[in-house]
Each structure stands twice: as structure tokens, then as C-alpha cells.
Amino acid sequence: MTAFLVALASGDPLATAAACSPGIMQFSDGGGVVRAATHPIVGVNRVVRFNHNLNARYAGRAAVAVVLANGRLGLRVTVDDTLSFLDMFGVCRNTDGRVRVHRVWRLLEPTKLASAHAPSKAWR
């Protein structure tokens, strides 16, 4: 997860792709209230492109904090001082023995995000 996040922050799509499992999928939950991807984003190239484009959109306006969300490490992202989303990550060990990001779950729905202010209660 760390390699994935460092690569995203540095803007290096090749390093980001190297931190992903070939079967990576990203899911978004906007709850029908906020704009979110309506279908899973499947595959290394699509997940990397989606996240790098999002980073470019919010460059200089976002703050990130590592939190514990439902027993997993997660990322709480605020944009313009407003909590925008919470990401949680699933990892797996690939056949080469390396641990890579396999799933990304992005929570954007405002009512559910309210619990992200208290990281121990997030995603319950």
C-alpha cells in the first residue's frame, strides 16, 4: 500500500502500476448523492489513470491523513478543507511473492463519511 501511495503522490504512473496486482479493481460508493464511478474500475491501466487524473485535478488543494477504518489502513482525503472521500485498500501476495494493492474501496457518500471524522468508527 505504501508503494502505491508514494507512487501516486510522486505522479509516477509506472511505479503506481508496479504496486498494483494485475487483477486490481476499484469501487466507489457515492450513495446516489454525490458523483462517483457507477461501475467498478477494472485493470491496472484504468485504476492508475483514474487516480492520477484525480490527483491532478486536486493538486495543491488536497490533504491526506492515514486512518484506521474498519480494521484496515485507509486514507482520509480532504479537498479545500472539506472531507471528500475515504479510501481503503486490500492487498494480496502475487505469484512472484510481492504484496500488491488488489482492491481500492472509495467512500464518498456524505452520511457515511461523517463517521470518518472518528477513524475508529469509519466503515461500520
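Relevant structure appears above.
Attention here is on the structure that accompanies the text. (Residues numbered from 1 in each chain as written. Predicted model: local features only at pLDDT ≥ 70, side-chain atom pairs only at ≥ 80, totals over all residues. Heavy atoms only, no water.)

Taken together, the side chains of Val66, Leu68 and Leu73 define a hydrophobic patch exposed on the protein surface, amounting to about 290 Å² of accessible area. Within the fold, Leu68 resides in strand E3 (residues 62-69). (Patch = residues over 30% accessible without salt bridge, like charges linked within 9 Å, V, L, I, M, F, W, Y side chains within 5 Å. Areas by Shrake-Rupley, 256 points an atom, 1.4 Å probe, with all protein chains shown as cover. Salt bridge = Lys/Arg side-chain N within 4 Å of Asp/Glu carboxyl O. Helix = DSSP H or I, 4+ residues; strand = E, 2+ residues; numbered from the N terminus.)

Turning our attention to the pattern of salt bridges. Taken as a whole and assessed by the stated rule, the structure comprises four salt bridges. Put simply, Asp80 and Arg61 hold a salt bridge, and the shortest N to O gap is 2.8 Å. Here Asp80 is found in the loop between strand E4 (72-79) and strand E5 (82-93), whereas its partner Arg61 is found in the loop between helix H3 (44-57) and E3, with 19 residues between them in sequence. Here Arg61 falls in the partly exposed class, since its relative accessible area comes to 37%. Its salt-bridge partner being Asp96, residue Arg100 comes within 2.8 Å of it at the nearest N-O pair. Judged by relative accessible area, Arg100 falls into the buried class, the value being 13%. You can call Asp96 partly exposed: its relative accessible area is 44%. (Buried < 20%, exposed > 50% of the residue type's maximum accessible area, 1.4 Å probe, protein only.)

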